[in-house]
Amino acid sequence: MSSQNLRTDDTAANRDFTDRWRIDCDFVIKQPIQCTWLAPSGYDIIINTDGSKQDVTARFGALVRDSLGDPLVVSYGGSLLLYVITHELQRVYLGLKLAIRIEARYIHLCTDSLIVCLLLNSLDPKPPWGNNQIRRRLQILLNKTFFMKIIHCYKESNKTADFLTKLHPKKTFVNLVIEDFSPDFREILASD
């Protein structure tokens, strides 16, 4: 008979179960990992993007920061509900438009969508058939940058962009002026 070393979370329910069934098990106490914003180096800027899907609408936000973490440009928007990948690409498009407007050339794009990271880092991207138009528009913007680094970040380290998706735009895109930031948004920026 073979034996295995079993490991599980240290909870009362797990201990009770393994005791009743007389299972030899190692119990593990999970330690939380602190997630923080990843700062770019040098003259680079970083774009944080996020999106959310409601019943009939989608919302997305983008925040462009300098290497010190100070916001340079902030925008959020919404549209009718389409495919999730379409909205994920829309938020990247919004972030790149903002970065190009301030003439940023060294860009780090930080998104919590692994699909977007894989798609944009691919040498031969093949998005789902309904997304060729947004992909072509993104490619035009990507060609205007000198250096582009696309990285995946966890949702927990993308809190500022996540906050923007909870806002309800009155038009397709809304640019926020730094002086108009709400106290809640300022608090998230400070803690990030």
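First things first, this report covers the structure right here in the doc. (Residues numbered from 1 in each chain as written. Predicted model: local features only at pLDDT ≥ 70, side-chain atom pairs only at ≥ 80, totals over all residues. Heavy atoms only, no water.)

## Points about the overall build of the chain
The cut-off we apply is this: What counts as a helix is a DSSP run of H or I of at least four residues, what counts as a strand is a run of E of at least two, and both are numbered from the N terminus. The atom set for the radius of gyration is the C-alpha atoms, and the globule formula is 2.2 Å times the number of residues raised to the power 0.38.
Helix and strand counts for the chain stand at 6 helices and 8 strands. Each helix (α) and strand (β) of the chain, taken in turn from the N terminus, gives the series β-α-β-β-β-β-α-β-α-α-β-α-β-α. Relative to the 2.2 N^0.38 estimate, which gives 16 Å for 192 residues, the radius of gyration of the chain is 21 Å and therefore markedly larger than a compact globule would have. By principal-axis analysis of the C-alpha atoms, the chain measures approximately 65 × 40 × 40 Å.

## Some remarks on the nonpolar core
Note the cut-off: Among buried residues, those of type Ala, Val, Leu, Ile, Met, Phe, Trp, Tyr and Cys that are joined through side-chain atoms within 4.5 Å constitute a nonpolar core. Buried means the residue's accessible area, taken with a 1.4 Å probe over protein chains only, is under 20% of the maximum for its type, while exposed means over 50%, and partly exposed covers the values in between. Here, two residues are considered to be in contact whenever any of their heavy atoms come within 4.5 Å of each other.
Core analysis: the biggest nonpolar cluster contains 26 residues, and I47, L96 and L120 have the highest contact counts within it. Those elements that provide at least two residues to this core are β3 (45-53), β4 (57-65), α2 (84-101), β6 (106-111), α3 (114-121) and α4 (132-143). Of the residues forming this core, the biggest block, 8 residues, is contributed by α2. Discounting chain neighbours no more than four positions away, the residues touching I47 are L63, V64, G95, L96, A99, I107, H108, L109 and C110.

## Quick notes on the packing of α2 against α3
Going by this rule: Between N-to-C directions, angles cover 0 to 180 degrees, with each direction set by a line fitted to C-alpha atoms, over the stretch in contact for helices. Roughly parallel refers to an angle under 35 degrees, roughly antiparallel to one over 145, roughly perpendicular to one between 65 and 115, and oblique to any angle outside these ranges. Crossings are classed by handedness, with left-handed meaning an anticlockwise turn of the near helix from the far one by less than a right angle and right-handed meaning a clockwise turn.
Their axes nearest at 10 Å, the elements α2 and α3 cross at an angle of 70°. Judged on the interaxial angle alone, α3 and α2 are roughly perpendicular. Considering only the axes of α2 and α3, their crossing is right-handed. Every residue of α3 that contacts α2 at I85, E88, L89 and V92 is listed here: I115, V116, L119 and L120.

## A word on the pattern of salt bridges
Put simply, the rule is: Here, a salt bridge means any side-chain nitrogen of Lys or Arg that lies within 4 Å of a carboxyl oxygen of Asp or Glu.
Inspection of the entire model under this criterion finds 6 salt bridges. Across the pair D112 and R91 runs a salt bridge, and its minimum N-O distance is 2.8 Å. Placement of D112 in the loop between β6 and α3 and of R91 in helix α2 is noted, with a sequence separation of 21 residues between them. D162 is the salt-bridge partner of K166, the closest N and O atoms lying 3.0 Å from each other. The network of salt bridges with common partners includes D50, R91 and D112.

## Considering the packing of aromatic side chains
Worth spelling out the cut-off: Each Phe, Tyr or Trp ring (for Trp, its six-membered ring) is paired with any other whose centre lies within 6.5 Å, and the angle between the two planes then decides the class: stacked below 30 degrees, edge-to-face above 60, tilted in between.
This model, assessed by the stated rule, comprises 4 aromatic pairs. Between F17 and W21, the aromatic rings sit 6.3 Å apart at their centres with planes inclined by 40°, giving tilted as the arrangement. Taking relative accessible area as the criterion, F17 reaches 40% and is therefore assigned partly exposed. Relative to F147, the ring of Y106 lies with its centre 6.4 Å away and its plane at 40°, an arrangement referred to as tilted. Residue Y106 is found in strand β6, and its partner F147 is found in strand β7 (residues 147-152); the two are separated by 41 residues along the sequence. Given the relative accessible area of 38%, Y106 is considered partly exposed.

## Things to note about the sheet that holds strand β8 (residues 173-176)
Adjacent strands of a sheet pair through backbone hydrogen bonds, lying either parallel or antiparallel. What counts here: When DSSP finds two or more bridges between two strands, those strands count as paired.
Taken in spatial order, the 6 strands make up an open sheet running β7-β6-β3-β4-β5-β8, and their pairing is mixed. Strand pairing shows two members of the sheet lacking a second neighbour, β7 and β8, which therefore form its edges. Across the sheet, the axes of successive neighbouring strands diverge by a mean angle of 20°, strand direction being ignored. Where β4 meets strand β5 (residues 71-80), 9 bridges bridge the pair, whose relative direction is antiparallel. The partner of R65 across the bridge, within β5, is P71. Packing of α3 onto the sheet brings it into contact with β6 and β7, and relative to β7 it is tilted by some 150°.

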